[in-house]
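Architecture and fold: a report
Residue strings, one per chain:
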Amino acid sequence: LVGYSYGGTFAFHVLMSTPASFERYVVGSPVLARDGGELIADEARYATEHADLRATVFLSAGELEVENGILETTRAMMSTLRSRKHPGLALQT
């Protein structure tokens, strides 16, 4: 599943809600802080309810996406996902 901007937001939503739907995800410039950070909360909830996240994920944001907060929230999610140490997660950023 490949998505950029709001498509990336959708791809991240699918990853956190039904990760087995796809084996590989490309999540570009997702709007993770929308709706009060609902997707960030979804990731935290997933991590508390599951021991693993079996997927190959490429997560990215453009270096000029500072003003809209996308770069900051995407970098934070990169760090969060790495810290979870899901054995089945192949994360590239």
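Everything below is about the structure printed above this text.
Residues numbered from 1 in each chain as written. Predicted model: local features only at pLDDT ≥ 70, side-chain atom pairs only at ≥ 80, totals over all residues. Heavy atoms only, no water.

1. Concerning the sheet that holds strand β4 (residues 89–92)
Note the following rule: A pair of strands is labelled paired if DSSP reports no fewer than 2 bridges between them. The numbering of helices and of strands both runs from the N terminus, where a helix is a DSSP run of H or I of at least 4 residues and a strand a run of E of at least 2. Here an axis means a line fitted to C-alpha atoms, over the contact stretch when the element is a helix, while the angle between two N-to-C directions is reported on a 0 to 180 degree scale.
Strand order in the open sheet made by the 4 strands is β1-β2-β3-β4, with parallel pairing throughout. On the outer flanks of this sheet lie β1 (2–4) and β4, each paired with one strand and no other. Going across the sheet, the axis of each strand differs from the next one's by a mean of 15 degrees, ignoring polarity. Strand direction decides the pairing type here: strand β2 (residues 24–28) and strand β3 (residues 55–60), joined by 5 bridges, are parallel. Bridge pairing in β3 links Val26 to Phe58.

2. Digging into the packing of helix α1 (residues 6–17) against helix α2 (residues 34–49)
Keep this limit in mind: Roughly parallel means an angle under 35 degrees; roughly antiparallel means over 145; roughly perpendicular covers 65 to 115; every other angle is labelled oblique. Each helix crossing is assigned a hand: it is left-handed if the near helix lies turned anticlockwise from the far helix by less than a right angle, otherwise right-handed if that turn is clockwise. Only heavy atoms matter for contacts: two residues are in contact if any of them lie within 4.5 Å across the pair. Only Asp, Glu, Lys and Arg are considered charged, only Ala, Val, Leu, Ile, Met, Phe, Trp, Tyr, Cys and Pro nonpolar, and every remaining residue, Gly among them, polar.
Across the interface, α1 lies against α2 with an axial gap of 9 Å and an inter-helix angle of 30 degrees. Considered as vectors, α1 and α2 are oriented roughly parallel to each other. α1 and α2 meet at a crossing whose hand is left-handed. Residue-level inspection shows Tyr6, Thr9, Phe12, His13 and Met16 of α1 in contact with α2, the latter providing Arg34, Leu39, Asp42, Glu43 and Tyr46. Partitioning the contact of α1 with α2 into residue classes produces 5 nonpolar, 2 polar and 3 charged.

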